[in-house]
Number of protein chains: 2
Amino acid sequence: MLDKSIISNLEKIVGKEYVQTDKTSLICYSYDATQRKFLPAAVVHPGTTQEISRIMALANQHQIPIYPRGAGSGFTGGSLPTTSNGIVLGLTRLDRILDIDEENLVATVEPGVVTEDFQKAVEKVGLFYPPDPASLKMSTLGGNVAECAGGPRCVKYGVTKDYIIGLEIVTPTGDIITTGGPTMKGVVGYDLTKLICGSEGTLAIITKIIIKLLPLPDAKKTMLVLFDSIDGAAQAVSSIIRSKIIPATLEFMDGRTLDCVRDATSLQVPDNARAVLIIEVDGDREFLDKQAHRIAEIIKPLGVVETRIAETPAESDALWQIRRSVSASLRRVNPDKFNEDICVPRSKVPDMIRKIDKISDKYGIPIVNFGHAGDGNIHVNIMIDSKIPGEQEKADLAIADVFAGTLELGGTMSGEHGVGIMKAPFVGMELGKAAIDYMKTIKRAPPQQYPQPGKFFSDVKQNIEDRL
Amino acid sequence: MLDKSIISNLEKIVGKEYVQTDKTSLICYSYDATQRKFLPAAVVHPGTTQEISRIMALANQHQIPIYPRGAGSGFTGGSLPTTSNGIVLGLTRLDRILDIDEENLVATVEPGVVTEDFQKAVEKVGLFYPPDPASLKMSTLGGNVAECAGGPRCVKYGVTKDYIIGLEIVTPTGDIITTGGPTMKGVVGYDLTKLICGSEGTLAIITKIIIKLLPLPDAKKTMLVLFDSIDGAAQAVSSIIRSKIIPATLEFMDGRTLDCVRDATSLQVPDNARAVLIIEVDGDREFLDKQAHRIAEIIKPLGVVETRIAETPAESDALWQIRRSVSASLRRVNPDKFNEDICVPRSKVPDMIRKIDKISDKYGIPIVNFGHAGDGNIHVNIMIDSKIPGEQEKADLAIADVFAGTLELGGTMSGEHGVGIMKAPFVGMELGKAAIDYMKTIKRAPPQQYPQPGKFFSDVKQNIEDRL
C-alpha cells in the first residue's frame with residue numbers, strides 16, 4: 001500500500017533490519033488486547049528520538065498515518081493501525097532506564113521500558129512507582145502514559161498521570177519538545193505533560209518520560225472481607241476512608257463474580273457472601289496491625305459474613321487467590337468477554353451494580369463486576385459466545401445501556417482504559433459538542449498529519465480481518 | 001475607550017449596578033500584588049455562568065479583550081488589564097460553596113470562594129483541602145486554579161492541580177464546557193481540566209470547580225532545626241524523605257534571611273546558624289512524637305546547631321514566629337521587593353543558593369532566600385530601593401541571572417506564581433520555540449478572541465501608570 005520510496009526512506013532512517021513489510025510481521029502488529037485486527041502497511045522500529053523525528057517529518061510530508069505502539073496490551077485499540085496505509089511505529093527498542101536519581105526521587109526512562117521491570121528497578125534502591133495496571137508484566141511505560149493507566153493502588157496513590165512530571169515528545173511535524181522537567185513544581189506554560197498523558201498517541205510520540213517516585217513503604221498487610229450485600233461493601237469503603245485510613249488497595253468483586261468463582265474453583269466462598277473486599281494497607285510495619293484491626297472494627301456492623309487477615313506473605317498470597325481465579329472462572333461462563341471500565345462516584349457503586357444486574361437480566365447476558373471500589377472504578381465484564389447469532393448485537397446494546405447508566409450517576413465510561421476505537425462511538429454521550437470541538441482544535445487539521453487518525457473522536461468500529 | 005453600545009449591552013447582561021466605568025472603580029481594578037498598574041476600560045461583575053457566556057460572546061463579536069480577576073493577589077500580573085480597551089471580568093460574586101459531598105470527598109465551588117473560607121468549611125466536617133498559598137486569606141479558588149497555586153504543604157500533598165478533578169468553563173466564544181467530573185478517575189478525552197489549571201485565564205473563564213478532598217489529619221507536630229550550613233539543611237531534607245517520612249511542611253530560610261531576622265527582631269537566632277528548617281509532620285497523633293524524634297535522630301550528624309520541638313499548639317506557633325517575621329524584617333533592608341519563585345531539583349538547593357549569593361554580590365543588591373525546601377521551590381527576594389537611580393535596572397539583570405542559573409540546574413523559573421506579564425519576557429529561556437509554538441496553537445488565533453491578550457507569551461513589561 002505504501003510507495004516503495006517511502007519504504008526505502010524509512011530504511012535509510014532506521015536501517016533495513018528495522019523496517020518490516022512481510023505479511024507475517026504485519027500480522028504480528030495487527031492486533032492488541034481488543035481482539036480486533038487491522039493490517040498495517042509497514043512496521044518500523046526506531047532506536048532514537050532523532051530517528052522518530054525524521055520518521056514523523058517524512059510521514060507528515062507524505063500524509064501517511066503513524067500508529068505508535070508499545071506492548072499492544074491496551075483494551076481500547078490505542079495501538080491498532082486502523083487505516084490501510086498506516087505505519088506502526090514500534091517503540092520497544094527505546095527500552096532504557098536512563099536514570100534513577102535517588103536523591104531527588106526522580107527517574108528518566110524511555111517509553112519502551114516494561115512497567116514491572118521499572119518497578120523492580122526502583123524498588124531495588126528503596127523507591128516506589130505506584131501505578132500498577134493489571135498488564136504490568138507486559139505493558140510499557142510509554143503505553144501507560146499514553147493511556148493514563150490505573151490499577152488497584154490508585155485509591156491511595158493516584159494514576160499514572162500523577163507521577164509523570166516531564167516528557168520528551170515528537171510532534172507530528174517532527175519537532176522535538178521537552179515538557180515539564182525534574183522539578184516537583186512548575187507552572188511555566190501550559191501543562192503539555194498532563195495534556196499528552198492520556199491523549200492515546202493522538203497528539204505526539206512520547207520518547208522520554210520523567211517520573212516522580214516515592215519512598216517504598218516498609219510493609220503491607222492484606223485482609224479479605226466477605227459481605228452479605230454490595231451495599232455493605234460500599235458502605236465499608238466510605239467508612240474506612242472517613243476514619244482517616246486510606247488503604248493502598250480496596251478491590252471488590254460483586255455477588256455474580258463470587259458465584260462464578262464458587263462454581264469454578266474449590267475456594268471457600270460462603271453461600272451468603274454477595275460481595276467481597278480485598279483491603280491492603282501499607283506503611284510503617286508496626287502501624288499496620290493496628291490499622292487492620294481498626295478497619296475490622298469499623299466495618300463489623302455492615303453485614304460482614306467473614307473477615308480474614310493475613311499474618312504472613314503466604315497468607316496474603318492466599319487471600320489474593322480468590323481475585324486471581326476470576327479470569328479463569330469467567331471463561332467457563334462464556335468464551336468472549338467485553339471488559340468495560342466505567343467509573344462512578346464511590347458512593348454510587350451499589351446503584352451502578354444494581355443497574356448492571358438489570359441490564360444483564362434484560363438482555364439475558366451474564367455480566368459480572370469487579371474492580372477498584374476505592375475509586376468507584378468498576379470493571380464490567382459482559383460475557384457472551386460471539387459464535388451464537390445475535391449475541392454480539394445484544395452485547396453492544398448492553399454496553400450502550402451500561403454507559404448511559406454510568407453517565408446518569410455522574411460517572412465516566414472509562415476510568416483507566418481509554419477511548420481508542422472501542423469507546424469512540426460513545427464519546428458524544430459523555431462529552432458535549434463544545435468540549436469535543438475544543439479537543440479537536442487541539443488536535444488540529446493538516447498540514448500537520450496527526451498520528452492515530454480515526455481514533456478518539458471518530459467511530460471506526462468495523463473489523464477488517466478480510467484484508468488478511 | 002469602549003463604545004457606549006458595548007457598555008449598555010454589558011448592563012443588559014448583568015444589570016446596571018454591576019458595570020463600572022467611573023475612574024475610581026477603574027483604578028481599584030488596575031493593580032494586583034505586582035505593584036504594576038493598567039487601567040481597564042470597564043469592570044463587569046457577572047453573577048452567573050450564563051451571564052459570563054453572554055459577555056464572552058459579546059466580547060468576541062467586538063474583539064474586546066477580557067481579563068478575568070479573582071482577588072487580584074497574584075504575583076505575576078495574571079489579573080492585570082494590560083490593554084487600554086480591556087474589560088475586567090470580576091468573579092467575586094460567584095462565591096458559593098455549592099456542595100461538600102462528605103461520602104465521596106468531593107466539593108463543588110464557584111471560582112470566587114476565598115481559599116481559606118473553603119478550607120475552614122471542609123475542615124468543619126472533618127475534611128481537608130491541602131493547597132495553602134501564602135495569600136489564602138484573600139486569594140480565590142478560581143485564581144488558585146488559574147495559576148496552579150502551591151504552598152508549604154505541597155511537599156506531601158501536591159499543588160492545586162492535584163485536587164482539581166473537574167471544571168465548568170466558558171470559552172472565548174461563550175460556549176459552556178464541563179471538563180472532568182466528580183469521579184476519582186477518568187480518561188475520556190484530552191485532560192482539559194489540567195490544561196486549564198495553570199493556564200492563567202488565557203484559555204477560558206473558570207465558572208465552577210470540582211475539588212477532590214482528603215480526610216483531615218488527626219494532628220500535626222512542628223519542629224524547628226537550625227543548621228550551620230545550607231548544605232546540612234538540604235541534606236536533612238533528602239535524608240528525612242529517604243527515611244520514608246514525608247513531612248507535611250519542609251520550609252527553609254537561608255543565612256541571609258536569618259541575618260535580617262536577627263537584626264530586626266528579638267528572636268533567638270544563634271550566630272552560627274546559616275540555615276533553618278521548619279518541619280511539620282501530620283497524621284495519627286500517637287505516631288507523630290515518634291516521627292519527630294526519628295527526624296531529630298536522622299539529621300543530628302548534619303551540622304545541627306539547635307533543634308526545637310513544639311509540645312503544644314502555642315509552642316508550635318512560637319516556632320513559626322521566625323518565619324512570620326521575615327517580611328517585616330526584609331522591609332528594613334530595602335523598601336522594594338521582587339519575589340521570584342524558582343524551583344530546582346531538591347538536591348540542587350545549596351548550589352542554587354550559592355549562585356544567588358554570587359549574583360547578589362555581583363550587583364551589590366541584597367537577595368535573601370526562603371521557601372519550600374521539600375519541593376526545591378525557592379522564593380528569591382531581590383531587595384532594592386527603586387527610587388535610587390539604576391537600582392531597578394540592576395534588579396532586572398539580577399533576575400535574569402537568577403533565571404539563567406535556575407535553568408542550568410535543571411529548574412524552572414516558576415514553581416507556583418506563574419508567568420503573567422512578569423516572567424513573559426523570559427519564557428523563551430525556558431521553553432523551546434517548538435513548545436511555545438505548540439502552546440500558541442492551543443491558544444489559537446481569532447475568530448476566537450482569547451482572554452488575556454499580551455500575556456503568557458508576549459513581553460508586555462512597561463508600566464502604564466501615566467494613563468491614570
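Below or above, wherever it landed, is the structure these notes cover. Note that the structure is a prediction, hence the values are computed from the model and not measured.

Conventions and cut-offs
- Numbers given to residues run from 1 along each chain, matching the order in which its sequence is written.
- Chain letters and ligand numbers both follow the written order, the letters beginning at A and the numbers at 1.
- Totals for whole chains, interfaces and linings use all residues, but because this is a predicted model, local features are given only for residues with pLDDT of at least 70 and pairs of side-chain atoms are given and counted only at 80 or more.
- For side-chain calculations, the full set of non-hydrogen atoms in the structure is used, while hydrogens and water are omitted.
- Starting at the N terminus, helices and strands are each numbered in turn, a helix being any DSSP run of H or I of at least four residues and a strand any DSSP run of E of at least two.
- Type-normalised accessible area, obtained with a 1.4 Å probe on protein chains alone, sets the label of each residue: buried when under 20%, exposed when over 50%, and partly exposed for intermediate values.
- Here a residue-residue contact requires only that any non-hydrogen atoms of the pair lie within 4.5 Å.
- Per-residue and other accessible areas were derived by the Shrake-Rupley procedure at a 1.4 Å probe size, with only the shown protein chains allowed to occlude residues.
- Neither His nor the chain termini are counted; the positive set is Lys and Arg, and the negative set is Asp and Glu.
- Lys charges are placed at NZ, Arg charges at CZ, Asp charges at CG and Glu charges at CD.
- Multiplying 1.5 Å by the residue count of a helix minus one yields the expected span of that helix.
- Residues adjacent in sequence count toward polar contacts only when both atoms are side-chain atoms; beyond that, a polar contact is any pair of N or O atoms within 3.5 Å, and within protein one must be able to donate a hydrogen and the other to accept it.
- We define a salt bridge as a side-chain nitrogen of Lys or Arg found within 4 Å of a carboxyl oxygen belonging to Asp or Glu.
- Two strands qualify as a pair provided that DSSP identifies no fewer than 2 bridges between them.
- Note on terms: buried area is the combined drop in 1.4 Å-probe accessible area of two parts once they are placed together, counting the loss on both.
- Put simply, Ala, Val, Leu, Ile, Met, Phe, Trp, Tyr, Cys and Pro go in the nonpolar bin, Asp, Glu, Lys and Arg in the charged bin, and everything else, Gly too, in the polar bin.
- To be clear, the arc concerns the directions from the helix axis to the C-beta atoms.
- For this analysis, a nonpolar core means a set of buried residues of the types Ala, Val, Leu, Ile, Met, Phe, Trp, Tyr and Cys, connected via side-chain atoms within 4.5 Å.

A closer look at the overall build of chain A
Here is step 1 of the chain: Tallying secondary structure elements over chain A gives 16 helices and 18 strands in all.
Here is step 2 of the chain: Its C-alpha atoms give chain A principal-axis dimensions of roughly 70 × 60 × 40 Å.
Here is step 3 of the chain: The 468 residues of chain A split such that 61% are buried.
Here is step 4 of the chain: Taking the contacts inside chain A whose residues are at least 6 apart along the sequence as the reference set, 73% of them involve residues at least 24 apart.
Here is step 5 of the chain: For chain A, the computed accessible surface area is about 17000 Å², with 51% contributed by carbon and sulfur atoms.
Here is step 6 of the chain: Across chain A, the 53 positively charged side chains and the 59 negatively charged ones have centroids separated by 2 Å.

Remarks on helix H3 (residues 49-62) of chain A
All names here are of chain A.
Here is step 1 of the chain: Between the first and last C-alpha of H3 there are 20 Å, a value that for 14 residues agrees with the 20 Å anticipated at 1.5 Å per step.
Here is step 2 of the chain: Among the residues of H3, Thr49, Glu51, Ile52, Ser53, Ile55, Met56, Leu58, Ala59 and Asn60 are the ones counted as buried.
Here is step 3 of the chain: The first or second residue beyond H3 is Gln63, which carries a positive phi of 55°.

Some remarks on the environment of Tyr157 of chain B
All names here are of chain B.
Here is step 1 of the chain: Looking at the secondary structure, you find Tyr157 in helix H6 (residues 154-157).
Here is step 2 of the chain: Tyr157 sits 103 residues away from Cys260 along the chain, and the two C-alpha atoms are 30 Å apart.
Here is step 3 of the chain: Of note is the side chain of Tyr157, whose polar atom sits 2.7 Å from the side chain of Asp282.

Quick word on the pattern of salt bridges
Here is step 1 of the chain: If you walk through the whole model with that rule in mind, you get 64 salt bridges over all chains.
Here is step 2 of the chain: Ionic pairing is found between Lys156 of chain A and Asp282 of chain A, a salt bridge with its closest N-O pair at 2.6 Å. Of the two residues, Lys156 of chain A is situated in helix H6 (residues 154-157) and Asp282 of chain A in strand S14 (residues 275-283); the sequence distance between them amounts to 126 residues.
Here is step 3 of the chain: A residue is classified by how much of its surface remains accessible, and Lys156 of chain A, at 32% relative accessible area, is partly exposed.
Here is step 4 of the chain: With a closest N to O distance of 2.8 Å, Glu416 of chain A and Lys185 of chain B form a salt bridge. Taken together, the residues Glu416 of chain A in the loop between helix H14 (391-408) and helix H15 (427-430) and Lys185 of chain B in the loop between strand S9 (176-180) and helix H7 (192-196) connect one chain to another. As far as burial versus exposure is concerned, Glu416 of chain A and Lys185 of chain B are alike and both buried.
Here is step 5 of the chain: Within the structure, one salt-bridge network assembled from shared partners comprises Asp259, Arg262, Asp271 and Arg274 of chain A.

Focus: the pairing of strand S9 (residues 176-180) of chain A
Residue and element names in this part refer to chain A.
Here is step 1 of the chain: Direction of pairing for strand S8 (residues 164-170) relative to S9: antiparallel, over a ladder of 5 bridges. Pairing of Glu168 across the sheet is with Thr178, part of S9.
Here is step 2 of the chain: Here S8 hands over to S9 after 5 residues, with Gly174 in that stretch at a positive phi of 95°.

Comments concerning the interface of chain A and chain B
Here is step 1 of the chain: On the chain B side, the residues contacting the 83 residues of chain A number 83 residues.
Here is step 2 of the chain: By the criterion of area lost to chain B, the three top residues of chain A are Lys185, Tyr190 and Tyr438 of chain A, representing 15% of everything that side buries.
Here is step 3 of the chain: Applying the counting criterion to the chain A and chain B interface returns 14 salt bridges.
Here is step 4 of the chain: Of the charged contacts, one joins Lys161 of chain B and Asp191 of chain A as a salt bridge, the two residues approaching to 2.5 Å between their closest N and O atoms.
Here is step 5 of the chain: On inspection of chain A and its partner chain B, the count reaches 26 residue pairs in polar contact (both at pLDDT 80 or more).
Here is step 6 of the chain: Contributing elements (two or more residues each) for the side of chain A that touches chain B: S9, helix H7 (192-196), helix H8 (230-242), helix H10 (285-299), H15 and helix H16 (433-442) of chain A.
Here is step 7 of the chain: Per-element tally for the side of chain A that touches chain B: the top contributor is H16 of chain A, with 6 residues.
Here is step 8 of the chain: Residues belonging to the side of chain A that touches chain B are distributed by class as follows: 38 nonpolar, 23 polar and 22 charged.

A look at H14 of chain A
Residue and element names in this part refer to chain A.
Here is step 1 of the chain: Here H14 is 18 residues long and its end C-alpha atoms lie 26 Å apart, about the 26 Å a rise of 1.5 Å per residue gives.
Here is step 2 of the chain: Residues of H14 that are buried: Glu391, Ala395, Ala398, Ile399, Val402, Phe403, Gly405 and Thr406. Angularly, the buried residues of H14 cover 160° about the axis, an arc narrow enough to put them on a single face.
Here is step 3 of the chain: Buried residues along H14 sit in contact with strand S16 (336-343), helix H13 (349-363), strand S18 (377-384) and H15.
Here is step 4 of the chain: Gly410 sits one or two residues past H14 and shows a positive phi near 80°.

Examining the nonpolar core
Here is step 1 of the chain: In this structure, Phe118, Ile211 and Leu277 of chain A together with Phe118, Ile211 and Leu277 of chain B are the most contacted members of the largest nonpolar core, which totals 177 residues.
Here is step 2 of the chain: Ignoring any residue separated from it by four or fewer positions in sequence, one finds Ile211 of chain B in contact with Leu105, Val106, Ala107, Val109, Phe118, Tyr129, Leu141, Tyr163, Ile164 and Ile165 of chain B.

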